[in-house]
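# Chain and residue survey
Here are the chains, one letter per residue:
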Amino acid sequence: MQSLQHYADRAGVHFGTSGVRGLVADLTAEVCYAYTQAFLQTLAPQATQVMIGVDLHPSSPAIAAACAQAIRDAGKQVVFAGALPTPALAYAALRQQLPALMVTGSHIPFDRNGIKFYRADGEISKADETAMLGAPVEVPGALAPTPLPEVDTSVLDAYAARYIDWFGT
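Procedures and definitions
Residues numbered from 1 in each chain as written. Predicted model: local features only at pLDDT ≥ 70, side-chain atom pairs only at ≥ 80, totals over all residues. Heavy atoms only, no water. Helix = DSSP H or I, 4+ residues; strand = E, 2+ residues; numbered from the N terminus. Rg over C-alpha atoms; globule rule 2.2 N^0.38 Å. Buried < 20%, exposed > 50% of the residue type's maximum accessible area, 1.4 Å probe, protein only. Contact = heavy atoms within 4.5 Å. Areas by Shrake-Rupley, 256 points an atom, 1.4 Å probe, with all protein chains shown as cover. Lys, Arg positive; Asp, Glu negative; His and termini not counted. Charge placed at Lys NZ, Arg CZ, Asp CG, Glu CD. Core = buried A, V, L, I, M, F, W, Y, C linked by side-chain atoms within 4.5 Å.

Turning our attention to the overall build of the protein. Along the backbone of the protein there are 6 helices and 9 strands. For 169 residues, the compact-globule estimate of 2.2 N^0.38 gives 15 Å, and the C-alpha radius of gyration of the protein, at 15 Å, lies within 12% of that figure. When the 169 residues of the protein are sorted by exposure, 47% land in the buried category. For the protein, the proportion of contacts with a sequence separation of at least 24, taken over those separated by at least 6, is 76%. For the protein, the computed accessible surface area is about 8,100 Å², with 57% contributed by carbon and sulfur atoms. Of note, the protein has its 10 positive side-chain charges centred 4 Å away from the centre of its 15 negative side-chain charges.

Counting residues in each nonpolar core, the largest one holds 41 residues, and the members touching the most others are Y35, I52, L101, F117 and M132. Broken down by secondary-structure element, the contributors of at least two residues to this core are α1 (4-11), α2 (29-43), β4 (49-54), α3 (60-73), β5 (77-83), β6 (100-103), β7 (112-119) and α5 (126-134). When residues in this core are grouped by element, the largest group, 9 residues, is from α2. Once residues lying within four places of it in the same chain are set aside, the contact partners of F117 are F15, V20, Y35, T36, F39, A100, L101, E123, I124 and M132. Listed in part, the 14 residues of the second largest apolar core include A88, A93, M102 and Y118.

Here it is in structure tokens:
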């Protein structure tokens, strides 16, 4: 068993201004699994469900699949919100009081990507990142993430409804 810091240093994937960022080649299933496992241990140990969303970077579904595998292996249910804007995922997770992960490279080129983590009460802090980096994680030797679950369309529907209610059609 190694600390998340070990996996981060070995891969060169670290926390930045807003989440974990790195080259897609370095965001291996092992690294994404380790970050997710550390998040679950330190910031969401009591959660029974964890929400995941993705952006439109081509690498996002594979990264999300590795994260989802870590969630399932921890005995928790994955609520897959599919491809949607980051604020839509944050809004839904906060409304439902669920921890969440958003796989997003935001504005960076497609050769890079990242993961944003949300506690059930909002975005994580620098202190949370430090706690995650110290968490002991164990990644299965033969990690083969299974496909993502069906998209829960209610997440994006609620986000769209919020704006239509406010601004009108």
